[in-house]
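For reference, the chains in residue letters:
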Amino acid sequence: MPGSRRGSEYAQLSRQSKQAGLLERRPRYYVWKIAVTAALLAVGWITFVLVGDSWWQVAVAAFLGVMFTQVGFLGHDAGHRQISGSRRANYILGILHGNLGIGLSYGWWVDKHNRHHAHPNTDGADPDIDIAVMAFTGAQAQSGGRVARLMFRYQAYLFFPMLLLEGVSLHVASIRALTSRASRHRPAETVLLAAHVVGYLAIVMLVLSPVKVLVFVLVQQGLFGVYLGSSFAPNHKGMAMLPAGDQTDFLRRQVLTSRNVRGGWLTDFALGGLNYQIEHHLFPSMPRPNLRRSQALIAAFCRQRDVPYCQTSLIGSYVQALRHLNAVGGAAAQVPAVATVPR
């Protein structure tokens, strides 16, 4: 049966990856990565205090915006259990990097992100394409009200400006999630998230004058949102969109909806390993440093089975994503007028 044959293909790929040692944990890498990232984050805040009430804080805000995103990448790895084989260890690392480090609810994000991984680009199942301010299909573009359709029509032009608000949006969603649903981990997450918010605002307001507080927060949170959003944007936008209830097998569902970004060590660092999106979606628990090593094996496996393996430059990925958003936005202008019945 074709379904059985295709279902076994992923098992074959999994066996090959395990035999090549690609699924083995990389503790030394993560000890080094976490230590360096924590040190740089601390340097950023120490520099903030030393610089004092100065407009040079704009540069410090930019640096901390970058570091918040790097901390977020480590929280992402913990959420996929890439760092440790222990569920508890990954959870502790996740809430320290997410809730305490950058003010993002780890539990809320993991639940949302796991649903995305299970059904990427699938209508009605992927929360990443269920966003009120953007449309990813023609049906979504035509379903909103007049104001929403106007935004959809120009969403390709608004995409990067809207990312300036992504950091704030994540903070708000995290707080809303922790105050609206119960879980056995909610107390710990709430305390750590509150510690981040209180500590962040306290240090900023104690060091800076009111106007500089506003500028610092806008620059730091704005850059954090743009950097984080720009790192995730190349992954799926403009790739295949799957209808609700799609039954495509796991291998093809993950590969056809994902896009890789070419580059060297700098791209790997800047995008936190998300540039190997195909490999990551096929093996979410694969440690970040193993993704590059697995690429040749997985690309060859896909070629042998005529499964399209998409890879482009970073700029090319943005072009494809924005073209898709622009094409979908055009559908918002094609909503048929409601016929009026003559009296």
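Now for a quick tour of the structure. (Residues numbered from 1 in each chain as written. Predicted model: local features only at pLDDT ≥ 70, side-chain atom pairs only at ≥ 80, totals over all residues. Heavy atoms only, no water.)

1. Let's talk about the overall build of the protein
Cut-off, in case you're wondering: The numbering of helices and of strands both runs from the N terminus, where a helix is a DSSP run of H or I of at least 4 residues and a strand a run of E of at least 2. Throughout, the radius of gyration refers to the C-alpha atoms, and the reference size of a globule is 2.2 Å times the residue count to the power 0.38. The rule is simple: take the accessible area with a 1.4 Å probe, protein chains only, and divide by the maximum for that residue type; under 20% is buried, over 50% is exposed, in between is partly exposed.
Per the secondary structure count, the protein includes 16 helices and two strands. For the protein, whose C-alpha radius of gyration is 22 Å, the value lies close to the compact-globule estimate of 20 Å for 343 residues. Counting only C-alpha atoms and orienting by the principal axes, one finds that the protein spans roughly 75 × 65 × 40 Å. Looking at the protein residue by residue over its 343 residues, the buried ones come to 47%.

2. Remarks on a positive patch on the surface
Selection rule: To count toward a patch, a residue needs a relative accessible area above 30% and no salt bridge. Like charges then connect within 9 Å, nonpolar side chains (Val, Leu, Ile, Met, Phe, Trp, Tyr) within 5 Å. Here the accessible surface of atoms and residues is derived via Shrake-Rupley with a 1.4 Å probe, and residues count as covered only by protein chains that are part of the display. Salt bridge, as applied in this entry: a Lys or Arg side-chain nitrogen positioned within 4 Å of an Asp or Glu carboxyl oxygen. Only four residue types enter the tally: Lys and Arg on the positive side, Asp and Glu on the negative side, with His and both chain ends excluded. Note on charges: their place is set at NZ of Lys, CZ of Arg, CG of Asp or CD of Glu.
A cluster of basic residues, R81, R87, R88 and R184, forms a positive patch at the surface. Along the chain, the position of R87 falls in helix α4 (residues 87-102). Here R87 falls in the exposed class, since its relative accessible area comes to 59%.

3. Re helix α16 (residues 314-331)
Helical geometry note: an α-helix holds 3.6 residues per turn, so side chains three or four residues apart project in the same direction. Condition: To estimate how far a helix should reach, multiply one less than its number of residues by 1.5 Å. Note on contacts: a residue pair qualifies if any of its non-hydrogen atoms lie within 4.5 Å across the two residues.
Here α16 contains 18 residues, and its C-alpha end-to-end distance of 27 Å stays within 8% of the 26 Å for a straight helix at 1.5 Å per residue. Residues of α16 that are buried: G316, S317, Y318, A321, H324, L325, V328, G329 and A331. Looking at the buried positions of α16, the neighbouring elements they touch are α6 (138-143), α7 (146-153), α8 (155-163), α11 (210-236), β1 (260-261) and β2 (311-312).

4. Topic: helix α15 (residues 288-304)
Worth spelling out the cut-off: Values of bend correspond, residue by residue, to the angle between axes fitted over the seven residues ending at that residue and the seven starting there.
The end-to-end C-alpha separation of α15 is 25 Å, in line with the 24 Å expected for 17 residues at 1.5 Å each. Its maximal kink placed at S294, α15 deviates by approximately 45°. Buried residues of α15: R288, P289, N290, L291, S294, Q295, I298, A299, F301 and C302, and no others. Count one or two residues on from α15 and you reach D306, which has phi positive near 55°.

5. Observations regarding the nonpolar core
Where we set the bar: For this analysis, a nonpolar core means a set of buried residues of the types Ala, Val, Leu, Ile, Met, Phe, Trp, Tyr and Cys, connected via side-chain atoms within 4.5 Å.
Ranked by size, the top nonpolar core spans 36 residues in total, and within it L41, W45, F48, F68, W108, V204 and F216 carry the most contacts. Broken down by secondary-structure element, the contributors of at least two residues to this core are α2 (27-51), α3 (57-79), α4, α5 (106-118), α9 (166-180), α10 (186-207) and α11. Here this core takes nine residues from α3, the largest share from any one element. What L41 contacts, discounting residues up to four positions off in sequence, is L64, M67, F68 and V71. Grouped together as the second largest cluster of nonpolar side chains are 16 residues, L13, Y276, M286 and I298 included.

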